[in-house]
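Coordinate analysis (summary)
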Amino acid sequence: MIKSHFYPEGGNPRELPGGTDFAFADDPPLIVGERVRIEIDGEPGWADTAAVIAENGDTGLLIAGKRQEIQQVASVSGFVAHCERVQAAIDGLPETIDNHLMVKKQLETHLADFRVNLWRPQALRSVAEKAVMYWAVEQEPGPWPAILRLYAFRSANTRKGPYNFLPKLVTTAFDQMLGGGNEPYDGARLSSIVLQSLRACDGILAANERSSQEYVVTYAPIYPHAQNLFSTHDQSMVSLSTPFVPGTIVDPAGDHYLDGAPQPADTPVKRLILEHQSVFSPDGPSGDDVAQGELGTCVLLSTLASIADHDPGQIRRMVRPSTDGSSFDVTFFRTATVQERPCRMPQRIVVEPRFPHLAHPDGTLTLVTARPRAICGQGAVRRRMTADGKFYAETAMPVTAVVWVPLMERAFAAFAASYGQDGTASPSPGEMPDDGYKQIGQGLFTSVSLFDCLYGHQLRHAYSVSVQQLRRAAQAGEALSTHAALLLNVLIMLEKQAAARSPYIVVPTAGVSWVDSGQELLPKLKEHQADLVKAGLPDQGGRISTLLEPVLPPDPPGSETDEQKDKRMERRAALEFADEFRTPCKEVIDVLWPLRNELPWADKVVKLIAALAPPVSSPEQRHHVFASHAYAICGADLRFTADRPEPDYDAKYGAPPRNMASLSAVLKTLDTQASTITLRNPHHRNSPDLDKALSFEQDTGRFRLTIQDFLDVFHKVTYAVVARDV
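Treat the numbers as computed from the prediction; the structure is a model and nothing was measured.

1. What about the overall build of the protein chain?
Within the protein chain, the secondary structure is distributed over 23 helices and 26 strands. Out of the 726 residues belonging to the protein chain, those deemed buried represent 51%. In the protein chain, 71% of the contacts between residues at least 6 apart in sequence involve partners at least 24 apart. On the protein chain, roughly 33300 Å² of surface is accessible, and the fraction owed to carbon and sulfur atoms is 51%.

Right, dumping it as structure tokens:
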């Protein structure tokens, strides 16, 4: 061992002189990051890998960080650090150790082998793409990443073989950075395309709004009105209404606060002062910052809410303020298929903090997209004067607007317009972008592609699974299918990561399908028609069935033409808010809800109907989990009557679990009534409340369901697995 530090387990670090004898504490050696676990005189601890030199029988030298591991290193800095440490070991090798020259030669050979193996095709692709991604995010050549210097160590003829295996998208970027490219990677062109897409999205949105309303969409900073901002304190909503101010206020820019205490005759007025916009709150980002606006972007916003709850560092990495604070850089990842191989590249989008508002005839503005969160400071009483000379006392509440959610929504609209929702389309010069806002509002279960766009190479595994399969396995004792095993494993992982006891972060969302809910409701209504009549509902079940059946997919699937499908979808969209449908739905809910505890079928029917149709009195407010919507999953509290298995995911890719048999056995011990799952509605409203017990202040969109209710109501769970050390 060369001169280094030793980190005993449970003790204080100490310096070791060169030549200290040691033994590996594990066989094979346990390597974590840049350290290896060893023993010195029977005392276990850790040492830097580059400081460890050991004779190993006939093989001679063994250095922690084996050659076969080179192909699997995921960090550019890991390559650089290893090279630098091996070089330091060569330079600092004591001449007093046995066979000094031979050991030095072996170290040099190892370093040479390391560099050669580094540039084999498999490793070259992985590392080169990361280097290009780094450069593309910065949008400037700048100083070469250290990994490119390693690449430059090799001569052109030895570099040629693996280099030719790279996708063209990567080689052109490398050529420009290495100074020999004929087709430089045009970052400026891509930036201009995204800017064009951003403007086109804004124009399309304005045109769509004008076609359906008398109001014009305008892009403006946010304002402290109740329609634009929301705030939560102690899980309670605070309404930010516009206060009344007597007279005409002098322009604040030229208005000086008056010294002295307010006089008794002064009129007290409370005002909200929007002091500034901030990308994140001091404790953020968090899922509580998400509040969906008028656009149907629940899939995107529920995914962002889940990432903010479970992996907030990723949000911070994606959104960065510019140097002057006037704009923000938002980075997504697009996927280009080159030579039949997907290659993910970052795409930076520059967004100003100006958001689409509906301009009403009375001059007020209503925010269309996701609402920024307001953080209210302490009020201060100040004395002011109106233009006509009247004094009044003002209680000024400073408000800071947290804007990362509407920023990301607007940026993703531009990204979707240029590259499609999956980020897979290649932009063509002169091609008009699509309506990005419309693209991110289509489809309920597309979060798998969203995770690709939001994580890029950092993503280990993403999948969408059916909830019904776990429901059938839990209730009917069916064999545990792959989907059911994956979902159960995700729930167990949620518990582990909440206690920071999982090497992975799982980021899940859940959705309710309108079609699946309708298909489950129809047989229930027919089965219990006599029970409905007995409960005083003689024809409501039949009326609901008559209206519902024509808008559901035919049996067998695919037996309708595209034109027939389009017409059916139009009828379904109109049915949801039609009084002829909502009225019998409300009547059934009102009668059956008090009977839910004594009649299990009534509980199921009520929840299915509540998912399909909003109440007549308030189209915006629904009293249960509802269909055609996505939710973020915040956590799970599972109760078992026996020991549960540990989550079992592949260490490199986060692939599905291998312990299917063990999961199947433990499912039988899961108490679905005592276990709960916590979800978040991206509306920041509409928590399930069939009992109508929640006040306005308590309805923040975050709620709990029993696992039994979750399995009964939800249909899909989409999740991503990300390593904690990414």
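2. Examining the confidence of the model for the protein chain
The pLDDT averaged across the protein chain works out to 75; a share of 67% of its residues lies at or above 70. Strand β24 (residues 676–680) holds the highest mean pLDDT among the elements of the protein chain, 95, whereas strand β8 (residues 61–62) holds the lowest, 28. Low confidence marks residues 53–76, where pLDDT is under 50. Its contacts with residues over four positions away, or in another chain, come to 53 contacts. Taken as a whole, residues 179–185 scores under 50 in pLDDT and shows 16 contacts with residues more than four places along the chain or in a different chain.

3. With respect to helix α21 (residues 600–612)
Compared with an ideal rise of 1.5 Å per residue, which puts 13 residues at 18 Å, α21 spans 19 Å between its outermost C-alpha atoms and is within 8% of the ideal. With 12 of 13 residues buried, α21 lies mostly within the body of the structure. For α21, the set of buried residues is W601, A602, D603, K604, V605, V606, K607, L608, I609, A610, A611 and L612. Buried residues belonging to α21 abut α14 (467–476), α16 (514–527), α17 (529–534), α18 (540–548), α20 (579–592) and α23 (707–713).

4. Section: unusual backbone geometry
Residue P285 follows G284 across a cis peptide bond; omega there is 0°. Even without being glycine, S628 reaches a positive phi, approximately 55°. Looking at where S628 falls in the secondary structure, it is placed in the loop between α21 and β23 (629–637). For S628, a relative accessible area of 32% corresponds to the partly exposed category. Unusually for a residue other than glycine, N686 sits at a positive phi of about 60°.

5. Focus: the sheet that holds strand β26 (residues 716–723)
Pairing between the strands of a sheet comes from backbone hydrogen bonds, and it takes one of two forms, parallel or antiparallel. The antiparallel open sheet is built from six strands, whose spatial order is β21-β26-β22-β23-β24-β25. In this open sheet, the two edge strands, each paired with only one partner strand, are β21 (461–466) and β25 (702–706). Within this sheet the neighbouring strands show an average axis-to-axis angle of 30°, counted without direction. Sheet topology places strand β22 (residues 504–512) next to β26; eight bridges connect them, and they run antiparallel. When the sheet's bridge partners are listed, A510 is paired in β26 with V717. The strands touched by helix α9 (residues 298–310) are β22, β23 and β24; relative to β23, the strand with the most contacts, the crossing angle is about 20°.

6. A look at the side chain of T509
Secondary-structure assignment places T509 in strand β22. Sequence-distant contacts of T509, defined by excluding residues within four places in its chain, comprise S302, T303, S306, S447, Y631, A632, I633, K716, V717 and T718.

7. Re the pattern of salt bridges
The tally for this structure, following the rule as stated, stands at 20 salt bridges. Linking R543 and D539 is a salt bridge whose minimum nitrogen-to-oxygen distance equals 3.9 Å. Residue classification places R543 among the partly exposed residues on the basis of a relative accessible area of 32%. Sharing partners across several salt bridges, the network here consists of D288, D289, D309, R373 and R680.

How each quantity is defined
- Residues numbered from 1 in each chain as written.
- Predicted model: local features only at pLDDT ≥ 70, side-chain atom pairs only at ≥ 80, totals over all residues.
- Heavy atoms only, no water.
- Helix = DSSP H or I, 4+ residues; strand = E, 2+ residues; numbered from the N terminus.
- Buried < 20%, exposed > 50% of the residue type's maximum accessible area, 1.4 Å probe, protein only.
- Contact = heavy atoms within 4.5 Å.
- Areas by Shrake-Rupley, 256 points an atom, 1.4 Å probe, with all protein chains shown as cover.
- pLDDT = per-residue confidence, 0-100.
- Expected span 1.5 Å × (residues − 1).
- Pairing = 2+ DSSP bridges.
- Axes fitted to C-alpha atoms, helices over the stretch in contact; angles between N-to-C directions.
- Salt bridge = Lys/Arg side-chain N within 4 Å of Asp/Glu carboxyl O.

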